[in-house]
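Chain by chain, the residues:
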Amino acid sequence: MRAWWKALGSGALCGLAFAPVGWWWTLLFAPALWLCELREGEARANAWLGLWWGLACGVVMSWHAAPIFAQEARAEWLGGVAWTLAFVWYAGWSALFGWLMGWMRLSGWGWAVAAASVWTAIAWGRSLGALGFPWAMLALGLARMPLLVQPADLGGVWLVEWLIMAWNGGLALIGRGQARRVALGLSGLGVLWLGYGVAAMALLRTPQHSPLRVAVVQPKADLPTSVFAPAIYDEQMEGWLRQAARHGAQWAVLPEVAEPYTLSETSGSIAQERLQRWKGWAREYQLTILLGARRFDKVGYNSALGIASEGGVAWYDKVKLMAFTEWSPPAPLRNWLKGLWHVGCSLEAGAYAHALQVGQSLPVGTLICVESLFGWVARHQVRDGAQWLTVMANDYWLIGRAVREQYADFCVVRAIETRRWVARASTVGMSGFYAPTGALVASLPMGKPGVLVYPIAPRTDQTLYVRWGDWWVYGCLGVVALGLGWGWRPRGRQESLPRW
């Protein structure tokens, strides 16, 4: 019973690291409380501890997301069912972690390294596939302290996830009476982690003269409903673009689905009229405009449309679709979900993630909404030549400031992984600019419409993560395989060591 309370307390403290509380420092000790109990547990008991930890962490971190489930479900009580299922899904992964740790017959730093590797491999695993969703990764809890996220340019967010768990694994060993054997290694890990962060941020100071001025537009609107008042919408949008040009912007970045009509370059009088209107604004205000739009070319796409001031047009089609709203699972799961949730019609995913070249402008990477949660999308765009990144999001349906802040925190990691400036444009916020160090250097007030212009410095260098991808995860998978091979059966309770 005492172990369960420790698991619940550890999970709750970890949940407080995320917005809106933002107690990032809890991640430097809270997971150790749980790991300390896993150290001597059997696989089955560890799985239950993992389940309780995941439920506590998920509830504390995401209790404010309940209204979102209620609004998307067919009834409020069904929203509660969906919310519960989401937490059970998340807790199931931490239960899997506990179960696997029960098979690790290792000691000392070997055990700590195995724990960090198992955790990282599982975090990577739950991001895969059409239903993959990497929300609530511990590394995102450090978004308020980018200094500790700097190693992401080496091994992606996975390396930061590993460092958090390796550090706490060392603390758990000290708590079990192995201070002499572990303290030196733990000190070395801390010095390397902190030292790399300080050095990286010192080398990436923002230059005084930046060659590109970019505007992000936050219209504060449920943009798809603007189709019912196009004249008013167009007047407001032109005002935002005029304001951006007045402040010297060369680019104007708008949110996802900023155009209320479905566009097509081949047919449809309304689609052609709307496209010509955007071209006219780009020409009149001498802006390269980047906006989100639905595109139809035999099938429907969620796309980013780039329009150069000289009239050139380029498209990027979203490659990672949002499960259940843009991508529907096959039957019978789809039929079952329709009784619980408003399942949207499936869109077509883009062929591949690539940089967007608009006319003679510098190539840019365009992350559309949920794509910002996945490092591989930004990585492929940078490898294709993107010199800066945009995130185009429609956060209108995300009820509450906390969820929107957690969503925007992924920009911190994407900026560091690629060492690119990130310009984020949202319908209601967070809209702003993230430096290659991950620092949020300028932003608009959440929920208030406006335009923000900021100078950024495009970059052409490529980080180790961009070049090598998820190499750190593959190393973790190797460690997990070795650990499971070494401990072919649950280790059980072998030694009696002093408890915390």
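As the structure is a prediction and not an experimental result, all values here were calculated from the model.

**Here we look at the packing of aromatic side chains**
Here comes step 1: Inspection of every chain in the model, using the stated rule, returns 21 aromatic pairs.
Here comes step 2: Arranged with centres 6.0 Å apart and planes meeting at 50 degrees, the rings of Trp135 and Tyr407 form a pair that is tilted. A residue pair is termed long-range when its members are at least 10 positions apart, and Trp135 in the loop between helix H6 (108-125) and helix H7 (152-175) and Tyr407 in helix H13 (residues 401-408) qualify at 272 residues.
Here comes step 3: The ring of Trp315 carries the charged tip of Arg295 above its face, separated from the ring centre by 5.3 Å.
Here comes step 4: Directly above the aromatic system of Tyr465 lies the positively charged group of Arg379, at a separation of 5.6 Å from the ring centroid.

**A word on the sheet that holds strand S7 (residues 389-393)**
Here comes step 1: An order of S6-S7-S8-S9-S10 is seen for the five strands of this open sheet, with the pairing classed as mixed. At either margin of the open sheet sits one strand with a lone partner, and together these are strand S6 (365-368) and strand S10 (440-443). Within the sheet, the average angular offset between the axes of one strand and its neighbour, ignoring direction, is 20 degrees.
Here comes step 2: Looking at chain direction, strand S8 (residues 422-426) and strand S9 (residues 432-434) are connected through three bridges and run antiparallel. Each residue of the ladder has a partner; that of Arg424, found in S9, is Gly432.

**Overview of the side chain of Ser94**
Here comes step 1: Tracing the backbone through its elements, the reader meets Ser94 in helix H5 (residues 76-101).
Here comes step 2: Ser94 sits in the buried class, given a relative accessible area of 3%.
Here comes step 3: A polar contact of 2.6 Å, which involves the side chain of Ser94, links it to the backbone oxygen of Gly50.
Here comes step 4: Sequence-distant contacts of Ser94, that is, excluding residues within four places in its chain, are made with Trp34, Gly50, Leu51, Trp53, Gly54 and Trp119.

**Quick word on the sheet that holds strand S2 (residues 251-253)**
Here comes step 1: Strand order in the open sheet made by the six strands is S5-S4-S3-S2-S1-S11, with mixed pairing throughout. The open sheet has two free edges, formed respectively by strand S5 (313-317) and strand S11 (450-456), since each of these has just one partner strand. Put simply, the sheet's adjacent strands are angled 35 degrees from each other on average, direction ignored.
Here comes step 2: Relative to strand S4 (residues 299-307), strand S3 (residues 288-297) runs antiparallel, the two being bridged by nine bridges. Across the sheet, Arg294 pairs through a bridge with Asn302, a residue of S4.
Here comes step 3: Helix H9 (residues 230-246) contacts strand S1 (212-218), S2, S3 and S11 of the sheet and is inclined by roughly 35 degrees relative to S11.
Here comes step 4: The sheet contacts of helix H10 (residues 269-284) involve S3, S4 and S5, and relative to S4 the element is tilted by about 20 degrees.

**Points about the packing of H13 against helix H14 (residues 410-418)**
Here comes step 1: The geometry of H13 relative to H14 is characterised by a closest axis approach of 4 Å and an angle of 10 degrees between their N-to-C directions. Relative to H14, the element H13 lies roughly parallel. Along the contact surface, H13 presents Gln406, Tyr407 and Ala408, while H14 presents Phe410, Cys411 and Val412.
Here comes step 2: Residue composition of the contact of H13 with H14, by class: five nonpolar, one polar and no charged.

**Remarks on the side chain of Asp153**
Here comes step 1: Secondary-structure assignment places Asp153 in helix H7.
Here comes step 2: On the basis of relative accessible area, Asp153 is assigned to the buried category, the value being 9%.
Here comes step 3: In contact with Asp153, not counting residues within four places along its chain, are Tyr196, Ile416, Glu417, Arg419, Thr463, Leu464 and Tyr465.

**A short note on the pairing of S1**
Here comes step 1: Counted residue by residue, S1 has six buried out of seven residues, so it is predominantly covered.
Here comes step 2: In terms of strand pairing, S1 meets S11 through seven bridges, oriented antiparallel. When the bridges of S11 are listed, Val214 appears paired with Tyr454.
Here comes step 3: Pairing analysis gives three bridges linking S1 to S2, with the strands arranged parallel. Note that in S2 the partner of Val214 across the bridge is Trp251.

**Section: the nonpolar core**
Here comes step 1: Counting 118 residues, the largest nonpolar core has Trp53, Phe97, Val214 and Trp388 as its most contacted members.
Here comes step 2: In terms of residue count, the dominant contributor to this core is H7 (14 residues).
Here comes step 3: Core analysis: the second largest hydrophobic core is formed by 26 residues, Ala249, Ala258, Ala282 and Leu305 among them.

**Points about a nonpolar patch on the surface**
Here comes step 1: Together, Val21, Trp23, Trp25 and Phe29 line one region of the surface with nonpolar side chains, adding up to about 370 Å² of accessible area.
Here comes step 2: Tracing the backbone through its elements, the reader meets Phe29 in the loop between helix H1 (2-15) and helix H2 (30-38).
Here comes step 3: Owing to a relative accessible area of 33%, Phe29 belongs among the partly exposed residues under this scheme.

**Details of the packing of H2 against helix H3 (residues 43-62)**
Here comes step 1: Between H2 and H3, the shortest axis-to-axis distance is 10 Å and the interhelical angle comes to 165 degrees. Our classification of the angle between H2 and H3 gives roughly antiparallel. The element H2 and its partner H3 pack so that their crossing is right-handed. Counting all contacts with H2, which are made through Trp34, Glu37 and Leu38, the residues of H3 involved are Asn46, Leu49, Gly50 and Trp53.
Here comes step 2: A breakdown of the residues in the contact of H2 with H3 according to their chemical character gives four nonpolar, two polar and one charged.

**Here we look at the pattern of salt bridges**
Between side chains of opposite charge, a pair can form as their charged atoms come close.
Here comes step 1: Tallying each qualifying case throughout the model produces 17 salt bridges.
Here comes step 2: Measuring nitrogen to oxygen at the nearest pair gives 2.6 Å for the salt bridge that ties Asp317 to Arg295. Of the two residues, Asp317 sits in strand S5 while Arg295 sits in strand S3, which places them 22 residues apart along the sequence.
Here comes step 3: Here Asp317 falls in the buried class, since its relative accessible area comes to 14%.
Here comes step 4: Arg295 sits in the buried class, given a relative accessible area of 13%.
Here comes step 5: A salt bridge links Glu405 to Arg401, with the shortest nitrogen-to-oxygen separation between them at 2.7 Å. Of this pair, Glu405 and Arg401 both sit in helix H13, four residues apart, which is roughly one turn of the helix.

The rules behind each value
Residues numbered from 1 in each chain as written. Predicted model: local features only at pLDDT ≥ 70, side-chain atom pairs only at ≥ 80, totals over all residues. Heavy atoms only, no water. Phe/Tyr/Trp six-rings, centres within 6.5 Å; stacked < 30°, edge-to-face > 60°. Helix = DSSP H or I, 4+ residues; strand = E, 2+ residues; numbered from the N terminus. Lys NZ or Arg CZ within 6 Å of the ring centre and 35° of its normal. Pairing = 2+ DSSP bridges. Axes fitted to C-alpha atoms, helices over the stretch in contact; angles between N-to-C directions. Buried < 20%, exposed > 50% of the residue type's maximum accessible area, 1.4 Å probe, protein only. Polar contact = N/O pair within 3.5 Å; in protein donor to acceptor, adjacent residues only side chain to side chain. Contact = heavy atoms within 4.5 Å. Parallel < 35°, antiparallel > 145°, perpendicular 65-115°, else oblique. Nonpolar A, V, L, I, M, F, W, Y, C, P; charged D, E, K, R; others polar. Core = buried A, V, L, I, M, F, W, Y, C linked by side-chain atoms within 4.5 Å. Patch = residues over 30% accessible without salt bridge, like charges linked within 9 Å, V, L, I, M, F, W, Y side chains within 5 Å. Areas by Shrake-Rupley, 256 points an atom, 1.4 Å probe, with all protein chains shown as cover. Salt bridge = Lys/Arg side-chain N within 4 Å of Asp/Glu carboxyl O. Left-handed = near helix turned anticlockwise from the far one by under 90°.

So far we have only geometry, and geometry alone does not tell us how the molecule works.
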